[in-house]
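# Tertiary structure, described
Take a look at the letters that make up each chain.
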Amino acid sequence: MSEREVTTSSSSPAASSTSPAVGRALDILLHLAGRPGLVRAGAIARDLGIPRSSVYHILAVLVERGFVTYVAKEQAYGLGVSSFEIGSAYLRHEPLERIARPILRTLSNRLGQTVHLGILYGAETVYLLKERPTTGRSGDVDTPLVTDIGVRLPAHLTANGRALLSYSGEAQLRALFPRPGSLITRTGKGPRSLPELIALLARDRERGWSEEIELVSEGLRSIGVAAFDHNEHPVAALSSTWHRHYSRHDVDEVREALQEGATRLTSAVSGRAPRNG
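In this text, all values refer to a predicted model and were calculated from it rather than measured experimentally.

### As for the overall build of the chain
In terms of regular secondary structure, the chain is built from nine helices and eight strands. Nonlocal contacts in the chain, meaning residues at least 24 apart in sequence, comprise 63% of its contacts between residues at least 6 apart. When the accessible surface of the chain is totalled, it reaches about 13900 Å², and 51% of it is carbon and sulfur.

Below, the structure written as structure tokens:
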């Protein structure tokens, strides 16, 4: 037997046994990502043409690693926290920040308020950009903000995070907030249970924007609006924070400006907003 034949025969088992399993695992993750709710293992096997035994084996590994969550009550599966973290890591690349920066700068100067770009990292909001007005009086000039670049805050408390969470399915929300203690507060205000959070997010999604008043810091309020990719999935959110007792604009003006900015960012990344969003 030649050296080439030895190499081929010794590498074939790995290729035949490992590669299909990896491909099937990725197929399952993409399948779950494209579904609005939980999916049963039998449906996954049927839709993807994978043997049921293989589906259960792959799902067990994905659940163990956090990429998939299993909801026993429904006997079904959805994406887990690790899947969200990978998506969030991709979005932290420089191109998104480079595209968004001039949009944020224009909004900040127009509103005279701080404007942020944020993404989800698991159950937290991570702020990638922060723009303050370069001229004129700022609505938060005398109020220190905790929303600096790189800061992480509980997503269910921030307008930025809730604007993104509002497009998550119930399975994903259960994966992100698996225990009652997951819904912490900073000021004693905010949702205390998952059903309460789900109701708030449903309202936010229906109207297309989110708002928090003194959930992160006393005296401050924020509005957040999501921008979307070509699959109609939220990629980031624009938000503005100001002192609730002072603003040169009313809430509707701030919201409309942020919605215009989010539309610009969606277009700049070749995205499209959900038809029902």
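Here the narrative resumes.
### Considerations on the pattern of salt bridges
Applying the stated criterion across every chain, the model contains 14 salt bridges. E170 is paired through a salt bridge with R174; the nearest N and O atoms lie 2.7 Å apart. Taken as a pair, E170 and R174 lie in helix α7 (residues 170-176) at a separation of four residues, close to a single helical turn. For E170, a relative accessible area of 41% corresponds to the partly exposed category. Of the charged contacts in the structure, one is a salt bridge between E214 and K189, with a shortest N-O distance of 2.7 Å. Within this pair, whereas E214 is found in the loop between β6 (210-213) and β7 (220-228), its partner K189 is found in the loop between α7 and α8 (194-207), the two being separated by 25 residues in sequence. When its relative accessible area of 9% is taken as the criterion, E214 is described as buried. Looking at K189, the relative accessible area reads 34%, which means it is partly exposed. One salt-bridge network, held together by shared partners, links R162, R203, D204 and R207.

### Re α8
In this model, α8 (14 residues) spans 20 Å end to end at C-alpha, consistent with the 20 Å of a helix rising 1.5 Å per residue. When α8 is considered as a whole, its buried residues turn out to be L194, L197, L201 and D204. The arc enclosing the buried residues of α8, seen along the axis, measures out at 85 degrees, which places them on a common side. α8 presents P195 and E206 as exposed residues on the side facing more than 90 degrees away from its buried surface.

### Description of the packing of aromatic side chains
Scanning the model with the defined rule gives two aromatic pairs in all. Where Y70 meets Y77, the ring centres are 4.8 Å apart and the plane angle is 45 degrees; that geometry is what we call tilted. The exposure class of Y70 is partly exposed, given its relative accessible area of 37%. Note on Y77: relative accessible area 9%, which makes it buried. One residue, R152, lies across the ring of Y121, its end atom 4.2 Å from the ring centre. For R207, the ring lying beneath its charged end belongs to W209, and the centroid distance is 3.8 Å.

### Regarding the side chain of S166
Mapped onto the secondary structure, S166 falls in the loop between α6 (159-165) and α7. Look past the residues within four positions of S166 in its chain and what remains in contact with it is L201, D204 and R205.

### Focus: the sheet that holds strand β4 (residues 124-131)
Taken in spatial order, the six strands of this open sheet run β5-β4-β3-β8-β7-β6, and their pairing is antiparallel. Edge positions in the open sheet fall to β5 (152-154) and β6, since each of these has one partner strand only. If you compare each strand with its neighbour and ignore which way they point, the axes differ by 30 degrees on average. When β4 meets β5, the two strands line up antiparallel, connected through three bridges. Looking at the pairing, T125 lines up with L153 of β5. Across the sheet, helix α9 (residues 251-268) is in contact with β3 (114-121), β6, β7 and β8 (234-243); its angle to β7 comes to roughly 25 degrees.

### Quick look at the nonpolar core
Counting residues in each nonpolar core, the largest one holds 25 residues, and the members touching the most others are L104, L107, L117, L238, L258 and L265. Of all the elements in the fold, those that place two or more residues in this core are α5 (94-111), β3, β4, β7, β8 and α9. Among the elements that take part in this core, α5 stands out by supplying six residues, more than any other. One finds L32, A43, L59 and L62 within the second-largest nonpolar core, a separate group that totals 17 residues.

### Things to note about the environment of D47
As for its placement among the helices and strands, D47 is situated in helix α2 (residues 41-48). Considered as a pair, D47 and H31 are 16 residues apart in the sequence and their alpha carbons are 8.8 Å apart. Setting aside anything within four residues of it in sequence, one finds D47 in contact with H31 and R35.

### Some thoughts on unusual backbone geometry
Despite not being glycine, E214 shows a phi value in the positive range, around 60 degrees. We note that E232 has phi near 70 degrees; this positive angle belongs to a residue other than glycine. You can see E232 is positioned in the loop between β7 and β8.

Cut-offs and rules
- Residues numbered from 1 in each chain as written.
- Predicted model: local features only at pLDDT ≥ 70, side-chain atom pairs only at ≥ 80, totals over all residues.
- Heavy atoms only, no water.
- Helix = DSSP H or I, 4+ residues; strand = E, 2+ residues; numbered from the N terminus.
- Contact = heavy atoms within 4.5 Å.
- Areas by Shrake-Rupley, 256 points an atom, 1.4 Å probe, with all protein chains shown as cover.
- Salt bridge = Lys/Arg side-chain N within 4 Å of Asp/Glu carboxyl O.
- Buried < 20%, exposed > 50% of the residue type's maximum accessible area, 1.4 Å probe, protein only.
- Expected span 1.5 Å × (residues − 1).
- Arc of directions from axis to C-beta.
- Phe/Tyr/Trp six-rings, centres within 6.5 Å; stacked < 30°, edge-to-face > 60°.
- Lys NZ or Arg CZ within 6 Å of the ring centre and 35° of its normal.
- Pairing = 2+ DSSP bridges.
- Axes fitted to C-alpha atoms, helices over the stretch in contact; angles between N-to-C directions.
- Core = buried A, V, L, I, M, F, W, Y, C linked by side-chain atoms within 4.5 Å.

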